[in-house]
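# Notes for the structure review
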Amino acid sequence: MVLVDTSIWVSHFKEANDNLVYLLKNDEVQCHPFIIAEISCGTPPSPRAQTLNDLSLLKTSKIATMSEILRAIEVNKLYGKGCGYIDIALLTSVLVSENVSLWTLDKRLQTLAKGFDIAFSDPVTK
């Protein structure tokens, strides 16, 4: 399973991403409520309501609790790394899950995900 970050979705909305389409067709994509919220703050493709609804129909990732997130920040020294709360919450959600990777275009978040060996970066299609 792959938790697809907002940055991937925004890029996909501009130009279709074959890797994401492949993962979607194979039911391997998870979404997080924070991602839907971030996308709703922007301008998703029209019809807007349909796009947001479609995202909400994807499998929901595990949602890390505030305690889990704050503990992850302290234990793993995630502070001062250039990532905000949403990024750390997504990272923690993947960390408390099994067999889930995180796919992002955000360089700082990608660096953290790689450090935990949970980064998705290998293309699944050619």
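This report concerns the structure included in the present document. Each residue is numbered by its place in its chain's sequence as written, counting from 1. It should be noted that, the model being predicted, local features are given only for residues of pLDDT at least 70 and side-chain atom pairs only at 80 or more, the latter also being counted only at that level, while totals for whole chains, interfaces and linings use all residues. Side-chain metrics in this entry use all non-hydrogen atoms of the structure; hydrogen atoms and water are not considered.

## So, the sheet that holds strand 4 (residues 101-103)
When DSSP finds two or more bridges between a pair of strands, those strands are recorded as paired. Runs of H or I in DSSP of at least four residues are treated as helices and runs of E of at least two as strands, each being numbered from the N terminus. Ordered in space as 3-2-1-4, the 4 strands form an open sheet in which the pairing is parallel. In this open sheet, the two edge strands, each paired with only one partner strand, are strand 3 (59-60) and strand 4. Where strand 2 (residues 29-31) meets strand 3, 2 bridges bridge the pair, whose relative direction is parallel. Looking at the pairing, Q30 lines up with K59 of strand 3.

## Let's talk about the nonpolar core
In these notes, a set of buried Ala, Val, Leu, Ile, Met, Phe, Trp, Tyr and Cys residues joined through side-chain atoms within 4.5 Å is what counts as a nonpolar core. Burial status follows relative accessibility: with a 1.4 Å probe on protein chains alone, a residue under 20% of its type maximum counts as buried, one over 50% as exposed, and anything between as partly exposed. Within the largest apolar cluster, 33 residues are counted, with the highest numbers of intra-cluster contacts made by V4, W9, L91 and W103. At 5 residues, the largest contribution of residues to this core is made by helix 6 (residues 85-95). Only heavy atoms enter the contact rule, under which two residues are in contact if any of them lie within 4.5 Å. Among all residues touching W103, those that are not within four sequence positions of it are V2, L3, V4, D5, I8, N17, N19, L20, L23 and F120.

## What about the packing of helix 5 (residues 66-75) against helix 6?
Axis separation between helix 5 and helix 6 bottoms out at 9 Å; the angle between their running directions is 100°. Classified by the angle their axes make, helix 5 and helix 6 are roughly perpendicular. Within the contact between the two elements, helix 5 uses M66, E68, I69, A72 and I73 and helix 6 uses Y85, I88, A89 and T92. Tallied by class, residues from the contact of helix 5 with helix 6 come to 7 nonpolar, 1 polar and 1 charged. Orientation is described by axes fitted as lines to C-alpha atoms, over the contacting stretch for helices, and by angles from 0 to 180 degrees between their N-to-C directions. Working rule for angles: under 35 degrees goes down as roughly parallel, over 145 as roughly antiparallel, 65 to 115 as roughly perpendicular, anything else as oblique. Basically, the charged four are Asp, Glu, Lys and Arg, the nonpolar ten are Ala, Val, Leu, Ile, Met, Phe, Trp, Tyr, Cys and Pro, and anything else, Gly included, counts as polar.

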